[in-house]
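Structure at a glance
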Amino acid sequence: MTPDRLALKRATDDLLSGVGGQVKAAGFTRVGQSTLSTYASRHNRDAFMPIDIVADLEPLAMDREGWPHVTQALCAVMGGVFVALPEVPASDGDLLTMLGRLSKEAGDVTQEMCAALSDGRIDRVEQAKIRREVRHLLEIAVALDAIVANIPTEETRK
């Protein structure tokens with residue numbers, strides 16, 4: 001099994017754990033516990049959780065670390081990342097505040113990178129700090145995008 005497929009299996013197992021286990025998860029979707037077990041099993045190389053079942057279960061594991069488990073893993077397999085949209089689009093009055101936050105986070109990423117590279121290499125701890133700052137930057141950029149998308153334009157004001 002490829003590393004990408006193993007990552008999907010691990011994510012499926014994490015999702016099921018996040019819901020409270022296979023038996024509990026079965027009560028929230030169209031398949032039973034044994035089928036859910038098959039989806040998470042590394043021994044069942046060709047059985048993966050269908051998208052509608054992922055959609056049924058992932059919202060139930062929102063408070064668990066790594067959420068949304070399968071979606072995150074699938075995004076990584078596709079060469080991307082998952083960034084949640086803000087729950088409530090902010091008003092355009094928040095535009096300057098968000099722009100300031102974006103600039104601050106970009107500065108934090110730069111600061112962590114410079115500190116890490118001061119000795120000519122990046123270790124695991126430094127890598128984790130940089131990645132955490134980059135994720136914050138992405139989250140703020142997505143929130144800023146939502147604000148900009150909600151700004152009334154000349155065409156929508158008429």
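For every chain, the first residue of the written sequence is number 1, and numbering continues from 1 onward in sequence order. With pLDDT at 70 or above as the cut-off, local features in this predicted model cover only qualifying residues; side-chain atom pairs require 80 or more to be listed or tallied, and sums for whole chains, interfaces and linings still use all residues. As a convention, hydrogens and water are excluded, and side-chain values are obtained from all of the structure's heavy atoms.

With that out of the way, let us pick up the overall build of the protein. Scanning the protein for helices and strands turns up 8 helices and 0 strands. Secondary structure elements follow DSSP: runs of H or I of four or more residues count as helices, runs of E of two or more count as strands, with numbering from the N terminus. Taken from N to C terminus, the helices and strands of the protein fall in the order α-α-α-α-α-α-α-α. Taken along the three principal axes of its C-alpha coordinates, the protein extends 55 × 50 × 25 Å. Accessible surface, the protein as shown: approximately 10300 Å² in total, 55% of it carbon and sulfur. Under the convention used here, Asp and Glu are negative, Lys and Arg are positive, and both His and the chain ends fall outside the count. Charge placement uses NZ in Lys and CZ in Arg. For Asp and Glu, CG and CD serve respectively. Once the 18 positive and 23 negative side-chain charges of the protein are each reduced to a mean point, those two points are 6 Å apart. Computed by Shrake-Rupley with a 1.4 Å probe, the accessible areas treat only the displayed protein chains as cover when residues are assessed.

Note on geometry: axes are C-alpha line fits, over the in-contact stretch for helices, and angles between N-to-C directions span 0 to 180 degrees. Two elements in contact, helix α1 (residues 3-19) and helix α5 (residues 69-77), have axes whose closest approach is 8 Å; the angle formed by their N-to-C orientations is 165 degrees. Here α1 is positioned roughly antiparallel relative to α5, judged by the angle of their axes. The two elements α1 and α5 cross, and the hand of that crossing is right-handed. Where α1 approaches α5, its residues Asp4, Ala7, Leu8, Ala11, Thr12, Asp14 and Leu15 are matched on the opposing element by His69, Val70, Ala73, Leu74 and Val77. Within the contact of α1 with α5, the residues separate by chemical class into 8 nonpolar, 2 polar and 2 charged. In what follows, roughly perpendicular refers to angles from 65 to 115 degrees, roughly parallel to angles under 35, roughly antiparallel to angles over 145, and oblique to any angle outside these ranges. When the near helix sits turned anticlockwise from the far one by under a right angle, the crossing is termed left-handed; a clockwise turn instead gives a right-handed crossing. Residue contacts are counted whenever heavy atoms from the two residues lie within 4.5 Å of one another. The classification used treats Ala, Val, Leu, Ile, Met, Phe, Trp, Tyr, Cys and Pro as nonpolar, Asp, Glu, Lys and Arg as charged, and all other residues, Gly among them, as polar.

Let's shift gears to the pattern of salt bridges. We count a salt bridge whenever a side-chain nitrogen from Lys or Arg sits within 4 Å of a carboxyl oxygen from Asp or Glu. All chains considered together, the criterion is met by 3 salt bridges. The residue Asp52 makes a salt bridge to Arg30 at a minimum N-O spacing of 2.6 Å. With Asp52 in helix α4 (residues 51-57) and Arg30 in the loop between α2 (22-26) and α3 (33-40), this residue pair connects regions lying 22 residues apart in the sequence. Across the salt bridge formed by Asp119 and Arg121, the nearest N and O atoms sit 4.0 Å from each other.

Before going further, it helps to spend a moment on the side chain of Thr29. Looking at the element boundaries, Thr29 is found in the loop between α2 and α3. Taking relative accessible area as the criterion, Thr29 reaches 15% and is therefore assigned buried. Throughout this description, a polar contact denotes any pair of N or O atoms lying within 3.5 Å of each other; where both atoms belong to protein, one of them has to be capable of donating a hydrogen while the other can accept it, and for residues adjacent in sequence the pair is counted only when both atoms sit in side chains. Separated by 2.7 Å, the side chains of Thr29 and Asp56 make a polar contact. Beyond its immediate sequence surroundings of up to four residues, Thr29 is in contact with Leu36, Ile53, Asp56 and Leu57. Partly exposed residues are those whose accessible area sits between 20% and 50% of the maximum for their type, while under 20% is buried and over 50% is exposed, using a 1.4 Å probe and protein chains only.

Next up on the list: the nonpolar core. Core analysis: the largest hydrophobic core is formed by 19 residues, its most contacted members being Leu15, Leu16, Leu36, Tyr39, Met49, Ile53 and Leu57. Of all the elements in the fold, those that place two or more residues in this core are α1, α2, α3, α4 and α5. Looking at this core, the element that brings in the most residues is α1, giving 5 residues. Ignoring any residue separated from it by four or fewer positions in sequence, one finds Tyr39 in contact with Lys9, Thr12, Val31, Ala47, Phe48, Met49, Pro50 and Ile53. The next biggest cluster of nonpolar side chains, apart from the first, holds 5 residues, and it includes Met98, Ala143, Leu144 and Ile147. Residues grouped as a nonpolar core are buried Ala, Val, Leu, Ile, Met, Phe, Trp, Tyr and Cys residues, joined through side-chain atoms within 4.5 Å.

Take the packing of helix α6 (residues 95-117) against helix α7 (residues 124-149) next. The geometry of α6 relative to α7 is characterised by a closest axis approach of 9 Å and an angle of 160 degrees between their N-to-C directions. When the axis of α6 is compared with that of α7, the two are roughly antiparallel. Handedness of the crossing formed by α6 with α7: left-handed.

Let us now look at α1. What a helix should span is 1.5 Å times the count of its residues minus one. For α1, which comprises 17 residues, the first-to-last C-alpha distance of 24 Å matches the rise-based estimate of 24 Å (1.5 Å per residue) to within 8%. Along α1, the positions that sit buried rather than exposed are Leu8, Lys9, Ala11, Thr12, Leu15, Leu16, Gly18 and Val19. Looking at the buried side of α1, the elements it contacts are α2, α3, α4 and α5.

Here we take up the environment of Ile122. In this structure, Ile122 sits in the loop between α6 and α7. Taking the C-alpha atoms as reference points, Ile122 and Arg132, separated by 10 residues in sequence, lie 14 Å from one another. Among residues more than four places away in sequence, those in contact with Ile122 are Ala116, Leu117, Gln127 and Ile130.

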